[in-house]
Amino acid sequence: MADRDAAVFLLFDDEGSPVGFAQCQLRRDCVEGTSTSPLGYLEGIYIDEARRRRRCGRTLLAACEKWAAECGCTEFASDCKLGNDESLAFHLSAGLVEAARVVCFAKRLARP
């Protein structure tokens, strides 16, 4: 949390109970669909199920975007896993545009 290239935002209801959080950071690596560096990147967002579809996620996302803009970023990006239709719908409804779909691969290497 002390990293200047990252930020965490918490959202509470009127009674002080936690509703959700978002974590974002500056990325300097190549991000699909973007052309600037650094850029703001939504690393994770969670809203309590009972509070979803009440603009809580958009409130947190707006805080992340504002933070990124204040850090000098002109672009903001995110991702979600293929098949996570709820996350995809959230991102699209919040104004993010799908840039690419990828399948990632990994392989364990034998020790020499």
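Refer to the preceding data block for the structure.
Report on the accompanying structure. (Residues numbered from 1 in each chain as written. Predicted model: local features only at pLDDT ≥ 70, side-chain atom pairs only at ≥ 80, totals over all residues. Heavy atoms only, no water.)

Before going further, it helps to examine the overall build of the protein. The secondary structure content of the protein amounts to two helices and four strands. Along the protein, helices and strands appear, N-terminal first, in the series β-β-β-α-β-α. Over its C-alpha atoms, taken along the principal directions, the protein stretches across nearly 55 × 30 × 30 Å. Within the protein, buried positions represent 26% of all 112 residues. At a minimum sequence separation of 6, the contacts of the protein that also span at least 24 residues come to 47%. Surface accessibility of the protein: about 8300 Å² in total, with carbon and sulfur atoms responsible for 52%. With 15 positive and 17 negative side-chain charges, the protein shows a spacing of 5 Å between the two charge centroids. (Helix = DSSP H or I, 4+ residues; strand = E, 2+ residues; numbered from the N terminus. Buried < 20%, exposed > 50% of the residue type's maximum accessible area, 1.4 Å probe, protein only. Contact = heavy atoms within 4.5 Å. Areas by Shrake-Rupley, 256 points an atom, 1.4 Å probe, with all protein chains shown as cover. Lys, Arg positive; Asp, Glu negative; His and termini not counted. Charge placed at Lys NZ, Arg CZ, Asp CG, Glu CD.)

Another aspect to go through is the sheet that holds strand E2 (residues 18-27). The strand order across the open sheet built from four strands is E1-E2-E3-E4, with neighbouring strands paired in mixed fashion. In this open sheet, the two edge strands, each paired with only one partner strand, are strand E1 (6-12) and strand E4 (76-77). Relative to E2, E1 is paired through seven bridges, and the arrangement is antiparallel. Opposite Ala6, over in E2, you have Gln25 as the bridge partner. Its contacts with the sheet place helix H1 (residues 56-70) against E1, E2, strand E3 (39-47) and E4, and it is angled at close to 150° to E1. (Pairing = 2+ DSSP bridges. Axes fitted to C-alpha atoms, helices over the stretch in contact; angles between N-to-C directions.)

So, about the side chain of Asp13. Positionally, Asp13 belongs in the loop between E1 and E2. Overall, the relative accessible area of 15% leaves Asp13 in the buried class. Within the structure, Asp13 has its side chain in polar contact with the backbone nitrogen of Glu15 (distance 2.9 Å). Of note is the side chain of Asp13, whose polar atom sits 2.7 Å from the side chain of Arg51. Dropping the residues within four chain positions of it, Asp13 is found in contact with Val19 and Arg51. (Polar contact = N/O pair within 3.5 Å; in protein donor to acceptor, adjacent residues only side chain to side chain.)

Tallied over the entire structure, the rule returns seven salt bridges. A salt bridge links Arg28 to Asp5; its shortest N-O distance comes to 2.8 Å. With a gap of 23 residues between them, Arg28 in the loop between E2 and E3 and Asp5 in the segment before E1 connect regions that are remote in the sequence. Notably, a salt bridge pairs Glu98 with Arg101, separated by 2.7 Å at the nearest N-O pair. Residue Glu98 is classed as partly exposed on the basis of its relative accessible area of 41%. (Salt bridge = Lys/Arg side-chain N within 4 Å of Asp/Glu carboxyl O.)

A cluster of nonpolar side chains, namely Val8, Leu10, Phe12, Phe21 and Tyr46, defines an oily patch on the protein surface of about 470 Å² accessible area. You can see Val8 is positioned in strand E1. Assessed through its relative accessible area of 38%, Val8 is described here as partly exposed. (Patch = residues over 30% accessible without salt bridge, like charges linked within 9 Å, V, L, I, M, F, W, Y side chains within 5 Å.)

What is shown is where atoms sit, not what they do.
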